[in-house]
Amino acid sequence: EQIKENIDKFFGTDTKSVLHYHFKNAKGNIDKFKAYLENWYDDVMDRATGWYKRRVQYIILVIGLIISIIFNADTFAIIKKLADDPEARKQAVVLAENYRDNLISTSESSIIKTDSSDFNKYAFNIKIMLNDNSTSRDSAIILKIDSLNSEIDYLIKNELNNITSVLGMGWINVSKNLNKSYKSKLWAWVVYISSKIPGWIITAFAISLGAPFWFDILNKVIKVRSTGKRPEPSKFSD
């Protein structure tokens, strides 16, 4: 009776009807009522998780498409560039290996201690962001965020710029290289962008898989490549 009163007292209409349904089916057995509630909760959470994942996937796809357009990252153009330009392939491999090594070394040394010299460096900002009741753990979190921001800034300024030039991405030289056989530059732009849309969409799907997925692949490829002694060039090769 107390459970029934609490259901009527504390819950809204939809939840109340579900709880009353399970309460009725339990027929006064509290353990059975508890089991019904647990199963109902798990079922709702499974559906909510599925909805959340689908929703996030759509958002990531849109973000990926925006990124691919901003960087003019056409998957098909990148594949063609790497297939036709051996020098670009070598540079891309070197950049990938350097990125992997830098990322691992950075992650291993990114544990911030509250008594480190970095604390004094960012003390003023921390004092503004934290109140008098803040703990040393709060300070360490702020330092960690600042460290991550620095890493992102480094990646944007160095890694992205390097790989963009190697793979022929970006918009800097597009206007100069537009096909001059078209009568108007506007029409040339229309044709160019239309040809890029499929590649941008593929890049967006690739971005939606997430950094951990591609970093794991990068690790595996580099491990396979660095396993054993590199074979000598065949004397019969060109």
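Look up a bit, the structure's there.
Computed from a predicted model, the values in this text were never measured in an experiment.

K.L.:
How do you make sense of a nonpolar patch on the surface when you look at a structure like this?
P.N.:
On the surface, Ile59, Val62, Ile63, Ile66, Ile67, Ile70, Phe71 and Ile207 cluster together into a nonpolar patch covering about 650 Å² of accessible area. Here the nonpolar patch gets 6 residues from one element, more than from any other, and that element is helix α3 (residues 30-70). For Ile70, the position within the fold is in helix α3. For Ile70, a relative accessible area of 54% puts it in the exposed group.

K.L.:
Whenever I open this one, the side chain of Asp74 confuses me. Can you help?
P.N.:
Considering the arrangement of structural elements, one finds Asp74 in the loop between α3 and α4 (75-84). One polar contact links Asp74 to Lys196, side chain to side chain, over a distance of 3.4 Å. Apart from residues no more than four positions distant in its own chain, Asp74 is found in contact with Ser195, Lys196, Gly199, Trp200 and Thr203.

K.L.:
What am I meant to see in unusual backbone geometry here?
P.N.:
One non-glycine residue, Lys27, adopts positive backbone phi at about 55 degrees. Structurally, the position occupied by Lys27 is in the loop between α2 (13-26) and α3. The exposure class of Lys27 is exposed, given its relative accessible area of 75%.

K.L.:
Would you take a moment to explain the nonpolar core for this structure?
P.N.:
Soluble globular proteins tend to pack their nonpolar side chains together in the buried interior. Ala73, Ile78, Ala88, Ala92, Leu95, Val166, Leu167 and Met169 form the largest nonpolar core, which has 8 residues in total. Put simply, the parts of the chain that give this core at least two residues each are α5 (86-108) and α8 (136-167). The greatest single-element share of this core, amounting to 3 residues, is contributed by α5. Other than its neighbours up to four places away in sequence, Met169 contacts Phe71, Asn72, Ala73, Ile78 and Thr164.

K.L.:
Hey, could you run me through the pattern of salt bridges in this one?
P.N.:
In a structure, side chains of opposite charge can pair up when their charged atoms sit close to one another. Inspection of every chain in the model, using the stated rule, returns 4 salt bridges. A salt bridge links Lys196 to Asp74; the shortest N-O distance between them is 3.4 Å. Of this pair, Lys196 sits in helix α10 (residues 185-208) while Asp74 sits in the loop between α3 and α4, and the two are 122 residues apart along the sequence. A salt bridge links Lys81 to Asp85; the nearest nitrogen and oxygen atoms lie 3.5 Å apart.

Reading guide: rules and limits
- Residues numbered from 1 in each chain as written.
- Predicted model: local features only at pLDDT ≥ 70, side-chain atom pairs only at ≥ 80, totals over all residues.
- Heavy atoms only, no water.
- Patch = residues over 30% accessible without salt bridge, like charges linked within 9 Å, V, L, I, M, F, W, Y side chains within 5 Å.
- Areas by Shrake-Rupley, 256 points an atom, 1.4 Å probe, with all protein chains shown as cover.
- Salt bridge = Lys/Arg side-chain N within 4 Å of Asp/Glu carboxyl O.
- Helix = DSSP H or I, 4+ residues; strand = E, 2+ residues; numbered from the N terminus.
- Buried < 20%, exposed > 50% of the residue type's maximum accessible area, 1.4 Å probe, protein only.
- Polar contact = N/O pair within 3.5 Å; in protein donor to acceptor, adjacent residues only side chain to side chain.
- Contact = heavy atoms within 4.5 Å.
- Core = buried A, V, L, I, M, F, W, Y, C linked by side-chain atoms within 4.5 Å.

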